[in-house]
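Notes for the structure review
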Amino acid sequence: KHLLFHYSVSDLSHSWVVTIVACWHAYLFWVAGCVFLAVGANELLRWWIRWYTECTEVFSFREMAFFFHVLAKTWIWASVVGEVMRFCLLIVKDGFNLDAFEAYRRLLLC
């Protein structure tokens, strides 16, 4: 019982439980990022296949507007998916620090 009172945060770096929890969080965020990337790629393909099937050989104003609509959605969706993937990578990297998710907490509180 005396040892528990003198247990510090620096002692956590030697704990195997902290390493297992960090690996578990890294795995979960990696899987979440991969799922989001796969869903994003599926949406992009669906949008472009729909544009390709509805397009005729002569471009009218409606078809050009539809093309730029799909192009804008693609750009926005690619930006969102890229930011989510970057966020997952930063959270995974932050999960292995001794004070895990400190950057995430700072982001939420500021």
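Scroll up for the structure.
So, here is what we can say about the structure in this document. Residues take numbers from 1 onward in each chain, read along the sequence in its written order. The predicted origin of the model limits local features to residues at a pLDDT of at least 70 and limits the giving and counting of side-chain atom pairs to 80 or more, whereas totals for whole chains, interfaces and linings rest on all residues. The side-chain figures draw on all heavy atoms in the structure; neither hydrogens nor water molecules are used.

What follows deals with the overall build of the protein chain. Counting its secondary structure elements, the protein chain contains 4 helices and 0 strands. Helical segments are the DSSP runs of H or I of at least four residues, strand segments are the runs of E of at least two, and each set is numbered from the N terminus. The linear arrangement of helices and strands in the protein chain, starting from the amino end, is α-α-α-α. Contact criterion: two residues are considered in contact whenever any of their non-hydrogen atoms come within 4.5 Å of each other. Contacts spanning at least 24 positions in sequence make up 55% of the contacts within the protein chain whose residues lie at least 6 apart.

This part covers the pattern of salt bridges. By convention in these notes, a salt bridge is any Lys or Arg side-chain nitrogen within 4 Å of a carboxyl oxygen on Asp or Glu. Evaluation of the coordinates by the stated rule reveals 3 salt bridges. Arginine 46 is paired through a salt bridge with glutamate 43; the nearest N and O atoms lie 2.7 Å apart. Highlighted residues: arginine 46 and glutamate 43, both in helix α2 (residues 16-54), separated by 3 residues, approximately one helical turn. Relative accessibility under 20% of the residue-type maximum defines a buried residue, over 50% an exposed one, and the middle range a partly exposed one, all with a 1.4 Å probe and only protein chains included. For arginine 46, a relative accessible area of 46% corresponds to the partly exposed category.

Here we come to α2. Over its 39 residues, α2 extends 57 Å from the first C-alpha to the last, a length consistent with the 57 Å expected when each residue adds 1.5 Å. Those residues of α2 not exposed but buried are Ala22, Ala26, Gly33, Gly40, Trp47 and Trp51. Looking at the buried side of α2, the elements it contacts are α3 (61-95). To estimate the expected span of a helix, count its residues, drop one, and scale the result by 1.5 Å.

With that settled, the discussion passes to the packing of α2 against α3. Axis lines are fitted through C-alpha atoms, for helices just across the contact stretch, and the angle between N-to-C directions can take any value from 0 to 180 degrees. The interhelical angle for the contact between α2 and α3, taken along N-to-C directions, is 175°, at an axis separation of 9 Å. For the element pair α2 / α3, the angle class is roughly antiparallel. Each residue receives one of three labels: charged for Asp, Glu, Lys and Arg, nonpolar for Ala, Val, Leu, Ile, Met, Phe, Trp, Tyr, Cys and Pro, and polar for the others, Gly being one of them. Looking at side-chain class alone, the contact of α2 with α3 contains 23 nonpolar, 4 polar and 5 charged residues. Angles below 35 degrees are treated as roughly parallel, those above 145 as roughly antiparallel, those between 65 and 115 as roughly perpendicular, and all remaining angles as oblique.

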